[in-house]
Structures are given as C-alpha cells and as structure tokens.
Amino acid sequence: MRDNERVTSATRQPETPASTVPPRLIATDLDGTLLRDDKSVSPRTVAALAAAEEAGIEVFFVTGRPARWMDVVSEHVHGHGLAICGNGAAVVDLHGGPGTHRFVKVRELARGNALGAVRLLRDAAPGTVYAIEQTYGFNQEPDYPKLHMEIPDILLSAEELLDPSGPLADEPVLKILAFHPTLDPDAFLTLARYALGDRVNVTRSSPSALLEISGPDVSKASTLALCCAERGVSHEEVVAFGDMPNDVEMLTWAGRSYAMGNAHPEVVSAASGRTVANNDDGVAVVIEELLGRLP
C-alpha cells in the first residue's frame, strides 16, 4: 500500500523494529494528548518538541480543531511545524505565529455529499442537530448547543447552510458537526457509520455524542500520508500519538504509535505502544526516550 492511498483502521502497516528506523516525523493529536486537561502545553513538552526539531525530526500537530483554534499551540511551542486540522480537512502552516496561519492544503467536503449525509442522519437519528465548519467560518442550527469556544456566524438549518446558493457558498466546507442530546456517543458513531456508508468519513473526538463528518477519503491518516509522501517520509519513519477514535486510523498507519494513558479502548487496540496520560506529559516522555536512542 502506498503512503497516499486511502488509510483505514483495517489496514495496519507491517511492523518494523523500532530500533532499525530512526524517526523523521512526529504526528501528535492535541486535546487529551499533547495538551493537558487545562489546555496548556507543559514546559517539559515544549522542550521535548524543540529538541526533536533540533534533531531534524519534523513535528506535525494533527487535530480535529479548526485552523483558527491553533494559537493554543503556536503560542506555546514557538510556531513549530505544520498542523493538520479538521481531522485532515486542512493543512495549516504555523511558522508565522499566532494570527498569521496560512492554509497549505484544503480537502473539502462536497456540498452534495454533505447535504445527503445531513438528511440520512436526520432520518436515522431523529433529534440530531448540526454545525458547519468552513475554512474561515463557523455556522450552526438554532438548536445546536453551545459546545464550542465561539459564537456562530450564522444561525440557519444545515440544509440552508449547505445549499449551493446559500450563505458563504463560495467558501469550502471542511466538516459537519452532528450532535445528539440523548444517544450514547459510541452508539451514535456506529449508527451514523452504518447509515452514511462510504459517502463521508465519520468519527468522533468528544466525550459527548458529537460526531465529525468529513469527505469520504479525508481523515487524519490520509492527509498525514499525503504530507509524508510529499516529503519522502515513509510510514515507518512516523511516530504518532492519540487518545480518541478520530486518531485510530493515524495510529494504525504510523510505523510507531502510542495511545495515551487516558485513551479510548479503540485507540489502545490500534496503537503499537502506550505512554502515560496527557496530564503526565506522555508525549514528552516518549520523545525524550526516542531522542535518547539516536546515535
């Protein structure tokens, strides 16, 4: 399988002894992984990331967050690296620092697919409400709860927001957020994947019943694979970290991967290793060990 082919949790790459392939790229999730629960980046983690880059290892932040929420990282890690945002829907250059982030790649969700997904999931799970993430905007339905750090730009039904002649029709759709007020989160994910099939990619990173819907071939793993292929980096040279179901494909694809001590059971099963919890600087612990083994 080539690095830029579609990657799923069923396509675990062949294992290569960790000691034989020096790492060239670190790919880390943010919330619940690199960030502590208070959303801070510890001084130990800042130092570990800086040491990795000084050793010639590129750092990618791979997150479900939109690009405009990336200041939390660039403020604390001196603008290191690139960020894969929106579960693979966009690649953003952080090197300019807060307020100067630049889109490098956009993998949008076609409006036809998005509209179809909204309608199918409404039928399968009555009571589902939606928000729409675009490159620069965040819009939601009136009944969508206040789950995020910002006030929506527009309040309309998802069908109106996604209509080809609707507001912001010229701005790419990155992902749909689908919330259900009563369903179990994992049950909602299973139901949605069954109902939507291969029209879109569905995952989740929240402890609540909040799903994230992207283009059919868009995931953290597939976008990371594209970025690595552009750099001549093989999956064997990638070390990845994560804690939630939206990290499973990435952890499956990477040559070495670590589930956090606080990780979802699916993540523990997908990863090739495990580290301590995010509040105990689990990413930094592994990076320090990796750097200590370099010649």
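Up top is the structure.
Model, not experiment: these values are computed from the prediction.

A. Broad picture of unusual backbone geometry. In this model, Asn 87 sits at a positive phi of 55°, which is unusual for a non-glycine residue. Note on placement: Asn 87 falls in the loop between strand 3 (82–85) and strand 4 (90–93). Exposure remark for Asn 87: the relative accessible area of 2% places this residue in the buried category. Positive phi values are uncommon outside glycine, yet Asp 281 reaches one of about 65°. As for its position among the elements, Asp 281 is in the loop between strand 13 (273–274) and helix 10 (282–293).

B. Up close: the nonpolar core. Residues Phe 61, Met 70, Phe 241 and Ile 287 are the most contacted members of the largest nonpolar core, which totals 27 residues. Of all elements in the fold, only helix 1 (30–34), helix 2 (43–54), strand 2 (58–62), strand 3, strand 11 (238–242) and helix 10 reach the threshold of two or more residues within this core. The greatest single-element share of this core, amounting to five residues, is contributed by helix 10. Look past the residues within four positions of Phe 241 in its chain and what remains in contact with it is Ile 26, Ala 27, Thr 28, Asp 29, Thr 33, Met 250, Leu 251, Tyr 258, Val 283, Val 286 and Ile 287.

C. Broad picture of the packing of aromatic side chains. Enumeration according to the criterion identifies two aromatic pairs in this entry. Their ring planes at 80° and their centres at 5.3 Å tell us that Phe 103 and Tyr 136 sit as a pair that is edge-to-face. With Phe 103 in strand 5 (residues 102–106) and Tyr 136 in the loop between strand 6 (129–134) and strand 7 (138–140), this residue pair connects regions lying 33 residues apart in the sequence. Exposure remark for Tyr 136: the relative accessible area of 63% places this residue in the exposed category. Ring plane angle 20° and centroid distance 5.5 Å describe the contact between Phe 241 and Tyr 258, whose orientation is recorded as stacked. Here Tyr 258 lies in strand 12 (residues 256–259) and Phe 241 lies in strand 11, a separation of 17 residues in the sequence. Judged by its relative accessible area of 0%, Phe 241 falls in the buried class.

Cut-offs and rules
Positions within a chain are numbered from 1, following the residues in the order the chain's sequence is written. Local features in a predicted model are, by the rule used here, given only for residues with pLDDT of at least 70; side-chain atom pairs are given and counted only at 80 or more, and totals for whole chains, interfaces and linings are based on all residues. Side-chain descriptors were evaluated using all non-hydrogen atoms of the structure, hydrogens and water having been removed beforehand. Note on conventions: DSSP H or I runs of at least 4 residues are helices, E runs of at least 2 residues are strands, and numbering of each starts at the N terminus. Each residue is assigned to one of three classes by its accessible area relative to the maximum for its type, calculated with a 1.4 Å probe on protein chains only: buried under 20%, partly exposed between the two thresholds, exposed over 50%. Think of a nonpolar core as a cluster: buried Ala, Val, Leu, Ile, Met, Phe, Trp, Tyr and Cys residues, connected wherever their side-chain atoms sit within 4.5 Å. Pairs of residues are marked as contacts when any of their non-hydrogen atoms sit within 4.5 Å. Between rings of Phe, Tyr and Trp, where Trp is taken as its six-membered ring, a pair exists when centres lie within 6.5 Å; planes separated by under 30 degrees are stacked, by over 60 edge-to-face, and by other angles tilted.

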